[in-house]
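What follows is the residue order along each chain.
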Amino acid sequence: MTRRRGRLLAEIGTVVVAGVVAFPLYWMVLSALKPAGEIQSAQPRPWTFSPTLESFERVLTVSGFGRYFLNSVLVACAVVALSLLMSFLAAVALTRFRFRGRVVLLVMLLVAQMVPIEALTIPLFFLMRSVGEVAPAFGLNELGSLVLVHLAFSLPFAIWMLRGFVAAVPVELEEAARIDGASRLRFTWQILFPLVLPGLVATSVLAFIHAWNDFLFAKTFIISKTENQTLPQAILVFFKPEENDWGAIMASSTLMTVPVLVFFVLVQRRLVSGLAGAVKG
Amino acid sequence: MATRELVPAPAPVAVPPSRRPRRGRRDGHPAALYLAPAAVLLLGVLAYPIYQLVVISLYDYGQAEAAGNAPLVFLGLDNYAELLARTQFWVVLAKTIGFAAVCVVGSLFLGTALAVLASRVRAVPRMLLFLAALGAWATPAVAGSYVWLFLFDADFGLVNEVLAGIGFEAMAGHSWTFGTYSAFGLVALEVIWCSFPFVLVTMYAGIKGIPDEVIEAASLDGGSWPRIATSVILPMLRPLLLIATIQSIIWDFKVFTQIYVMTNGGGVAGRNLVLNVYAYQQAFAGQEYGRGAAIGVVMTLILLSVTALYVRSQRRSVEPT
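The model shown is predicted, which means the values in this text are computed figures rather than measured ones. (Residues numbered from 1 in each chain as written. Chains lettered and ligands numbered in written order. Predicted model: local features only at pLDDT ≥ 70, side-chain atom pairs only at ≥ 80, totals over all residues.)

### Topic: the confidence of the model for chain A
Close inspection of predicted coordinates is inappropriate for parts of the model with low pLDDT.
1) Next: Taken as a whole, chain A shows an average pLDDT of 85; of its residues, 94% reach a score of 70 or greater.
2) Next: Looking across chain A, the model is least confident in helix H12 (residues 246-280) of chain A, with a mean pLDDT of 75, and most confident in helix H6 (residues 121-134) of chain A, with 92. (pLDDT = per-residue confidence, 0-100. Helix = DSSP H or I, 4+ residues; strand = E, 2+ residues; numbered from the N terminus.)

### Some details on the interface of chain A and chain B
1) Next: At the junction of the two partners, chain A supplies 89 residues and chain B supplies 88 residues.
2) Next: A class-by-class count of the residues in the side of chain A that touches chain B yields 62 nonpolar, 17 polar and 10 charged. (Contact = placed C-beta atoms within 7 Å. Nonpolar A, V, L, I, M, F, W, Y, C, P; charged D, E, K, R; others polar.)

### Quick look at the environment of B:Val311
1) Next: Its place among the elements puts B:Val311 in helix H14 (residues 289-314).
2) Next: In this structure, the C-alpha to C-alpha distance between B:Val311 and B:Pro125, residues 186 residues apart in sequence, is 36 Å.
3) Next: Among all residues touching B:Val311, those that are not within four sequence positions of it are A:Val107, A:Leu110 and A:Val111.

### Considerations on unusual backbone geometry
1) Next: The phi torsion at A:Asn141 lies on the positive side, around 75 degrees, for a residue other than glycine.
2) Next: As for its position among the elements, A:Asn141 is in the loop between H6 and helix H7 (143-167).

### Thoughts on the packing of H6(A) against helix H1 (residues 30-57) of chain B
1) Next: H1(B) packs onto H6(A) with a crossing angle of 105 degrees between their chain directions and a minimal axis gap of 8 Å. Taken together, the axes of H6(A) and H1(B) are roughly perpendicular relative to one another. Contacts from A:Ile122, A:Pro123, A:Leu124 and A:Leu127 of H6(A) reach H1(B) at B:Pro49, B:Gln52, B:Leu53 and B:Ile56.
2) Next: The residue makeup of the contact of H6(A) with H1(B), split by class, is 7 nonpolar, 1 polar and no charged. (Axes fitted to C-alpha atoms, helices over the stretch in contact; angles between N-to-C directions. Parallel < 35°, antiparallel > 145°, perpendicular 65-115°, else oblique.)

### Let's talk about the environment of B:Phe99
All names here are of chain B.
1) Next: Structurally, the position occupied by Phe99 is in helix H4 (residues 87-120).
2) Next: Accessibility expressed as a C-beta count within 10 Å gives 22 for Phe99, which makes it buried.
3) Next: Here Phe99 is in contact with Phe184, Ala188 and Val274, once residues within four sequence places are set aside. (Buried ≥ 20, exposed ≤ 12 C-beta atoms within 10 Å, placed from the backbone.)

### Structural notes on the packing of helix H4 (residues 65-96) of chain A against H7(A)
All names here are of chain A.
1) Next: At a minimum axis separation of 6 Å, H4 and H7 run at an interaxial angle of 40 degrees. One element, H4, and the other, H7, form an angle in the oblique class. For the pair H4 and H7, the crossing hand works out as right-handed.
2) Next: For the contact of H4 with H7, a count of residues per class yields 21 nonpolar, 6 polar and 2 charged. (Left-handed = near helix turned anticlockwise from the far one by under 90°.)

Structural data, given as C-alpha cells:
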C-alpha cells in the first residue's frame, strides 16, 4: 500500500520535473508564435489565443536569415559527410589491424578530446589566414575554414565511438568473407560499412550538432563577409540597444533548435547505446 | 576483445603512418592508408595549432606583429610572468573555478537524482522525463542562452512577473544580468539545464546494469528507497560517476558561448569573465595575442591535469595488448 503510494508520488514528481525541464522550450516556441504586442508586454501569459507567424516572417524575409540558415546547413553537412568517411576508415584501421603504436594512437585520441578547443582560437585564426593565401575557399571569412576546424574537433570522438561499433562486428564474418575470396577492401565497403551504418548515424549526429551549434569560431573567422555568417552569429542582429526584438530572437532560436531536435529524436536510442559503448569500451 | 582477433596482423607501421606502405599481400598495408586522411587533418588543424599556441604565448604578439608590420620579439616567459602578476587573472581564475564547481555539482546531483527517480517509475512518466531532458540536451547553446535570458528579462520576462505576482513587488524590472552573482547564477542555471541530461542518461544506463536481484535483496531486507539509493545504487555507480564528473569538469571549465551571449561578453566591466572569454577578449578585443595565448596555455595545462585523471579512469577501456 505505502509502496504503491510512494511510487505514485515519485511518478507525479517525475512528470512535474519533466514539465519544468521542458518549459523553456515551450516558452521559446510560444514566444515565437505570439504577436508582437503580447511579447513586449509586462504581463506575459503562458498561452496565446492569436498565434501568428509574423516573427518567423520577419526573421526569414527582412533579415535575410534564409541565407545564414543555408550557410549553417552547408557547413554542418560537409562536416558530417567528411567526418563519417575519415572516422570510419580510421576506426577500421584501429580495430581491425594490428600494428605497433596502436594503443598509443588510442590514448592520443582520448587526450585529443580533452584539448580545450576554445583556447586554439588564436593560432587557428592565424592558420586560417595563411591557408587563405594558398586556398582561398578555406581562408578567413569563408565557410571552408569552419568546415576544417569542426572536422578536426569532431574526428577524435567520432573515431573513438565508431571503434566500438566496428569491434561489435564478429571477426568470423571477415574470415568467412576472406574464404569466399573477398579482398579486405571489398569486405570493408560491402560488408562492414552497411553493418556499422547505425553507429555512423549516431556519430554523424554529434558531428552535426558540433558544427551547427558553433558560435565562437563563426564569430572569430567570419569577420567582414557578413553574407557568410552562420545562424548563431546572425541572431545577434535582433539585439538592439533601444529594444530587443524578442519575437524574432525566439523565432530564430526555434529555427535553430528544430533541426537538432529532429536529429536527436531520430537517433536517440543509438546515441545512448553508442555513448554507453564508448564509456564501457 | 582484441586478443581474439584471428586475422594475421600486418607488419608494424610507424606512427604517424604517412609513409607509403610496402606492397605486401593482396591487401597491402591498409592501416596506414586508412589512417592517413584523419591523421593529416588532425596533425594540421589540431596538433599544429597547439604547438603554435605555445609559440605565440612566448612572443610579444600585438596588432603590428600580427599584421606583419613589426618584427617579432621573443619574450620567453614574460607574458606568463605579467599574467600571474595581474590581480585580474587570479580573480578570473577563481570565478572560473567557482562557476565550474557550481555547474558540475548541480548537473551531477540533478542528473543522478533523476536517474534514480526514473528507475523507479513506470514507462510513461519516465518517457516524458527523457523526452524533456533530450530536448534540453539538444538545444543549441546559443538558443538556450537566449531563451533563459528572455525568461529572466527585466521588463518582459516571466520570472519577474511571477515573482512580483506572488508578493515580491520589488522584483518587477529587476535586472538579473547586472549583479555579478545573479548573472553567474543565471548562466549556471542554463548550463546545468543543458548538461544534466548527459548525466541522467549515463547514470540511468548504469542503474539498469545493476542486477535486479541486488536491489530486490536490499528491499527484502527492509531497505527504504532513499536508503537503497544511497547505500546500494550509488556505490555501484561509482566508476560511472567518476567518468561523468571528470567529463563535466572539462565541459564546464571551458564554457564560452553561454557566458559570452548571456553576459554580453563578460558582464559589466568584465566581472563575469571566465578564463576562456578572458583569453578571447585579450586577444581579439585587446589585440594582445601573446597574452591571450598564454591564458590559453594555462587553461590547457589545468585541463590536462584533469584529463590525466580521466585517462587513468578510462584505462580499462583502452584494451591492453
